[in-house]
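Okay, here's what each chain looks like letter by letter:
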Amino acid sequence: MTMTDPIADLATRIRNALRNKSGETRIPHSKIKAGICEVLKREGYIRDFGVESADGHPLLRVVLKYGPDGEQVLQSITRVSKPGRRLYRGSSEHAPVLRGMGITVLTTTKGVLSDREARAQNVGGEVLLEVY
């Protein structure tokens, strides 16, 4: 069975790991998923990530981040643009999520960026995820 939306799968695996209070989760590797994890790490939503191999298949090992009392740092991660309905935003259309408390993850011509980075670089792109 082929996966129709690997980015939604990434979001679901992270949500499930947080719900189970896991320290980490493993996700099948791709360049776009590694880019999303890089943005989540830069913005402080995950502790770290790395690539490892299992049975010859590369996996992303995502280390989740929790607060000092065990509270989740990443409260919500949802897919915005879907395979059947893509959503694009221009460089001037990036609205802050939760008045700046959250981010949107975009794929742009300059790579995978958060909405803050996209505003700073004056680029638009496809909105992949909303995170807070």
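One can find the structure itself at the top, above this paragraph.
Residues numbered from 1 in each chain as written. Predicted model: local features only at pLDDT ≥ 70, side-chain atom pairs only at ≥ 80, totals over all residues. Heavy atoms only, no water.

### A word on the side chain of Thr 108
Operational definition: Counting from the N terminus, the helices are DSSP H or I runs at least four residues long and the strands are E runs at least two residues long. In protein, a polar contact means a hydrogen-donor-capable atom and an acceptor-capable atom, both N or O and within 3.5 Å, with residues adjacent in sequence counting only if both atoms are side-chain atoms; elsewhere, any N or O pair within 3.5 Å suffices. By definition in these notes, contact holds between two residues if any of their heavy atoms fall within 4.5 Å.
Along the chain, the position of Thr 108 falls in strand 6 (residues 103-108). Engagement of the side chain of Thr 108 in a polar contact is seen with the backbone nitrogen of Lys 110, the distance being 3.0 Å. In terms of polar contacts, Thr 108 uses its side chain to reach the backbone carbonyl oxygen of Gly 111, at 2.7 Å. Sequence-distant contacts of Thr 108, that is, excluding residues within four places in its chain, are made with Leu 113, Val 123, Gly 124 and Gly 125.

### Things to note about the sheet that holds strand 1 (residues 24-28)
This is how the line gets drawn: Any two strands with at least two DSSP bridges between them are considered paired. Fitted lines through C-alpha atoms serve as axes, helices being fitted only where they are in contact, and the angles separating the N-to-C directions of these axes extend from 0 to 180 degrees.
Taken in spatial order, the three strands make up an open sheet running 1-3-2, and their pairing is antiparallel. With partners counted over all chains shown, the strands left at the sheet margins are strand 1 and strand 2 (46-54), one partner each. Geometrically, the sheet is characterised by an average inter-axis angle of 25° between neighbouring strands, direction not taken into account. Pairing between strand 2 and strand 3 (residues 57-64): eight bridges, direction antiparallel. Counterpart to Val 51 in the pairing with strand 3 is Leu 60. This element, helix 1 (residues 6-19), spans strand 1 and strand 3 of the sheet and lies at about 160° to strand 1. The sheet strands contacting helix 2 (residues 31-42) are strand 1, strand 2 and strand 3, and the helix crosses strand 2 at an angle near 155°.

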